[in-house]
Amino acid sequence: MSEIRKHYFLPEYCIISEERAKRPSDFAEAVGDSEELGRASCAFCEGAEEMTPLATAVYKDGKILVDTDEKRVRSWDFRCFPNRYPALSPVPAFFELSENVWETRPGFGFHEVIVESPVHGNKLANFSDKELSGLMGVYRDRTSHYRAHENIRYVSLFKNSGKAAGASLNHPHSQLLALPLLPPLLEKELHAIREEEKCPYCTLLEKERTSERLIRENSEWTAFAPYCSASPFEVWVLPKKHVSWLGDCSEEALFSLGEMLRDVLRAYEKVLKNPPYNYMFFQLFETPEYHLNLRLLPRLSRIAGFEMNTGIYINTISPERAASYLKRERRPGE
Ligand SMILES: [Zn+2]
Ligand SMILES: [Zn+2]
């Protein structure tokens, strides 16, 4: 059983979830990054549907189906199911304050895997338009699904790609954690947004559209290297229209989001030679003043003592230079 803990003095939460690392040897870092990672016994591959928990949403030929004990859906496009080793689980959401120094409550929440393709080793950078817009639709639907749950306040939607980014399998997938609380990161941001007269993301868009940090634009989205990039080649993708979550995006906007994501990932492939990366959606469905954004981070540097001591990140390439490489899709030195 996992727990969500909060310390009153330091306004932070942590999730204690020992189920996710069963043996001390699980902490030892495996060496090497392999394209074949996990192919032999991959539970995400088409045909291995029995190896996962029952799917809660299976996308097939434009329909959304579910698995039953008797029948698992085959030949699917996208497949969503509960994580077998969830960080959080759907236990009752009530809790009691233990003392006034810290609190512990049951680790309530949902942890879902979104398999992005039936094909092992497939890459988003090589997805067709149809596969990409389908996937963006899945992101929107699954956020919407958990938003409807009365005890859910935030949906964390992200992708880890490559071992250094936290992926244990090389089968394309994203993850979703639905939380009963607003994360401190978003709480802080929201507080700052409410201090401003105008949405700071809208202001940022206006500035970055003409800055040297601009990477590309399409009909609905703008991609740029943020002014305070925490790590090399960080990219933010913002909708040009102020929307606070994926559910507010039109079909056209989702389509061009897929295109933009592929463009940025292709630029990463060319410039950085298939780096491990994370991307995550920042979205709030209870607060229209929030401005949806997608952040991409290639994992090229490590968080070490200084970063953990100060919360200040040392970045060895300026966002202006990173943008110039990503724009032209040249490798540094070329
Ligand atoms: Zn696979
Ligand atoms: Zn805005």
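First things first, this report covers the structure right here in the doc. (Residues numbered from 1 in each chain as written. Chains lettered and ligands numbered in written order. Predicted model: local features only at pLDDT ≥ 70, side-chain atom pairs only at ≥ 80, totals over all residues. Heavy atoms only, no water.)

## A closer look at the sheet that holds strand E3 (residues 57-60)
Taken in spatial order, the 11 strands make up an open sheet running E4-E3-E5-E7-E9-E8-E13-E14-E12-E11-E10, and their pairing is antiparallel. Two strands lie at the open edges of the sheet, namely strand E4 (63-65) and strand E10 (214-217), each paired on one side alone. Taking the axes of each pair of neighbouring strands and ignoring which way they run, one obtains an average angle of 20 degrees across the sheet. As judged from the 6 bridges shared by strand E7 (residues 110-115) and strand E9 (residues 173-179), these two strands associate in the antiparallel manner. Considered in E9, the bridge of Glu112 is made with Leu176. Helix-sheet contacts for helix H3 (residues 200-208) involve E10, strand E11 (221-224), strand E12 (235-239) and strand E14 (293-298), and the interaxial angle to E12 is about 110 degrees. (Pairing = 2+ DSSP bridges. Helix = DSSP H or I, 4+ residues; strand = E, 2+ residues; numbered from the N terminus. Axes fitted to C-alpha atoms, helices over the stretch in contact; angles between N-to-C directions. Contact = heavy atoms within 4.5 Å.)

## With respect to the coordination of the zinc ion (ligand 2)
The protein atoms that coordinate the zinc ion (ligand 2) are Cys199 (SG), Cys202 (SG), His242 (ND1) and His291 (ND1), at distances of 2.1 to 2.3 Å. On the primary sequence, the residues serving as donors to the zinc ion (ligand 2) are separated as C-x2-C-x39-H-x48-H. Of this pair, Cys199 sits in the loop between helix H2 (184-195) and H3 while His291 sits in the loop between strand E13 (277-282) and E14, and the two are 92 residues apart along the sequence. (Donors = N, O, S within 2.8 Å, 3.2 Å for Na, K, Ca; no water.)

## Quick look at the side chain of His171
On the secondary structure map, His171 appears in the loop between strand E8 (154-161) and E9. Residue His171 is classed as buried on the basis of its relative accessible area of 1%. One polar contact links the side chain of His171 to the main-chain carbonyl oxygen of Phe44, over a distance of 3.4 Å. The residues contacting His171, other than those within four sequence positions of it, are Cys42, Phe44, Cys45, Val115, Ser117, Pro118, Val119, His120 and Gly121. (Buried < 20%, exposed > 50% of the residue type's maximum accessible area, 1.4 Å probe, protein only. Polar contact = N/O pair within 3.5 Å; in protein donor to acceptor, adjacent residues only side chain to side chain.)

## Focus on H2
For H2, built from 12 residues, the straight-helix expectation of 16 Å at 1.5 Å per residue is met to within 8% by its first-to-last C-alpha distance of 17 Å. By the burial criterion, the buried members of H2 are Leu186, Glu189, Leu190 and Ile193. Seen along its axis, H2 keeps its buried residues to an arc of 100 degrees; they face one direction. Across H2 from its buried face, at more than 90 degrees, point the exposed residues Lys188, His191 and Glu195. At its buried positions, H2 is contacted by E8, H3, E13 and E14. (Expected span 1.5 Å × (residues − 1). Arc of directions from axis to C-beta.)

## Observations regarding unusual backbone geometry
The residue Ser75 is not glycine, and still its phi comes out positive at about 45 degrees. Relative to the assigned elements, Ser75 resides in the loop between E4 and strand E5 (78-82). A residue is classified by how much of its surface remains accessible, and Ser75, at 45% relative accessible area, is partly exposed. Phi is positive for Lys273, close to 55 degrees, though the residue is something other than glycine. Within the fold, Lys273 resides in the loop between helix H4 (251-272) and E13.

Read these as geometric descriptors, not functional statements.
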